[in-house]
Amino acid sequence: ADDAQKHYDLALGLQQELVADFPTVRAYRQEFAGSQSNLGGLLLTRGRADDAQKRYEVAIGLRQRLAADFPTVPTYRQELADSHSRLGILLMGRGWSDDAQKHYELALGIHQKLAADFPDIVAYRVNLAGYQCNFGNLLIELRKPTEALAWYGRAIATLEGVLKQVKTDVTAQQFLRNAHAGRATVFDHLKRSAAAATDWDKAVELTPEKERAGLRMGRAGSRVRAGQVDEALKEVDKLVAGADAESLYGA
């Protein structure tokens, strides 16, 4: 890690000179911002949250200027949203939930605008749904389950629209699975276990067979709480064969 940081610092020095010597070359500005963000990630893994936060903030400033100077280049907006998201995750980990939510909302707003500005590009709507789902996850951590439900619902509607249009999109299908699983967890928390079981059904259906065990165990728990005991027990009986210790305990 020490050697990695040394080379990041050397790269940043060279990139800063390039930006100063060739201010009209957009690629140099973009690469400089990317290196700031990457160094922030390295510093975060080393437990240096203060330094990582400063790097993310520098990257946001650089990317904000790029996005403002070249509003017709969607990549700059995507990268700005990524920086806001990274900083939001860092701040949430530090317990600064209000600041974290602010950056999540900024990232979400950028993706909403991209999806609106480029309606024919499916990837922007898929990314938007991913951020809607992530915002739901954040609201769960903030103990706002009712608000989280609404955002999972938005993600599900966005992704269902995508899959209706393109029929097959692996990322959209994975995000839709995650949104249904997230909403199922919230329904369980709110003691709406029948609704949770229905969402688990969708999540299981969207998941490859070999990856379904954890979701099926979640569904079994919801079915028990919803009074659907026989169905739950039949499900766990099928899951016992070849199960790991945690799944066996749950069964």
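Thresholds applied
Residues numbered from 1 in each chain as written. Predicted model: local features only at pLDDT ≥ 70, side-chain atom pairs only at ≥ 80, totals over all residues. Heavy atoms only, no water. Helix = DSSP H or I, 4+ residues; strand = E, 2+ residues; numbered from the N terminus. Buried < 20%, exposed > 50% of the residue type's maximum accessible area, 1.4 Å probe, protein only. Expected span 1.5 Å × (residues − 1). Contact = heavy atoms within 4.5 Å. Axes fitted to C-alpha atoms, helices over the stretch in contact; angles between N-to-C directions. Parallel < 35°, antiparallel > 145°, perpendicular 65-115°, else oblique. Left-handed = near helix turned anticlockwise from the far one by under 90°. Nonpolar A, V, L, I, M, F, W, Y, C, P; charged D, E, K, R; others polar. Salt bridge = Lys/Arg side-chain N within 4 Å of Asp/Glu carboxyl O. Phe/Tyr/Trp six-rings, centres within 6.5 Å; stacked < 30°, edge-to-face > 60°. Lys NZ or Arg CZ within 6 Å of the ring centre and 35° of its normal.

1. Here's the deal with the overall build of the protein
Assigned secondary structure in the protein consists of 12 helices and 0 strands. Listing the helices and strands of the protein from first to last along the sequence gives α-α-α-α-α-α-α-α-α-α-α-α. When the backbone C-alpha atoms are referred to their principal axes, the protein occupies close to 70 × 45 × 35 Å. Within the protein, buried positions represent 43% of all 251 residues.

2. Brief notes about helix α4 (residues 74–93)
Between its first and last C-alpha, α4 extends 29 Å over 20 residues, near the 28 Å set by a 1.5 Å rise per residue. Looking at the residues trailing α4, positive phi occurs at glycine 95, about 85°.

3. What about the side chain of glutamine 101?
Tracing the sequence through the fold places glutamine 101 in helix α5 (residues 97–117). If sequence neighbours within four positions are ignored, glutamine 101 has contacts with Phe135, Leu138, Leu139, Leu142 and Lys144.

4. Points about the packing of α4 against α5
α5 packs onto α4 with a crossing angle of 160° between their chain directions and a minimal axis gap of 8 Å. Between α4 and α5, the angle falls in the class roughly antiparallel. Read as a crossing pair, α4 and α5 show a hand that is left-handed. The residues of α5 that touch α4, namely those facing Pro74, Arg77, Gln78, Leu80, Ala81, His84, Ser85, Leu87, Gly88, Ile89, Leu91 and Met92, are Ser97, Asp99, Ala100, His103, Tyr104, Leu106, Ala107, Ile110, His111, Lys113, Leu114 and Asp117. Classifying every residue of the contact of α4 with α5 by side-chain character gives 13 nonpolar, 7 polar and 4 charged.

5. Some details on the pattern of salt bridges
A complete count under the given rule lists 15 salt bridges for this structure. Across the pair aspartate 51 and arginine 48 runs a salt bridge, and its minimum N-O distance is 2.8 Å. On the accessibility criterion, arginine 48 (31% relative accessible area) is partly exposed.

6. Examining the packing of aromatic side chains
Per the counting criterion, the structure on display carries 4 aromatic pairs. Between phenylalanine 118 and tyrosine 124, the ring centres sit 5.7 Å apart and the planes meet at 65°, which makes this aromatic pair edge-to-face. For tyrosine 124, a relative accessible area of 9% corresponds to the buried category. Seen in terms of ring centroids, phenylalanine 135 and tryptophan 151 are 5.1 Å apart; in terms of plane orientation they differ by 85°. Their pairing is edge-to-face. Separated by 16 residues along the polypeptide, phenylalanine 135 in helix α6 (residues 122–141) and tryptophan 151 in helix α7 (residues 145–166) bring together distant segments of the chain. Relative accessible area serves as the criterion here: at 4%, phenylalanine 135 is assigned to the buried category. Overall, the relative accessible area of 16% leaves tryptophan 151 in the buried class. Its guanidinium or amino end placed over the ring of phenylalanine 70, arginine 26 lies 4.7 Å from that ring's centre, counting from NZ or CZ.

7. Here's the deal with the environment of arginine 225
Among the structural elements, arginine 225 can be located in helix α10 (residues 213–225). Note on arginine 225: relative accessible area 53%, which makes it exposed. As a C-alpha pair, arginine 225 and alanine 196 span 29 residues in sequence and 9.8 Å in three-dimensional space.

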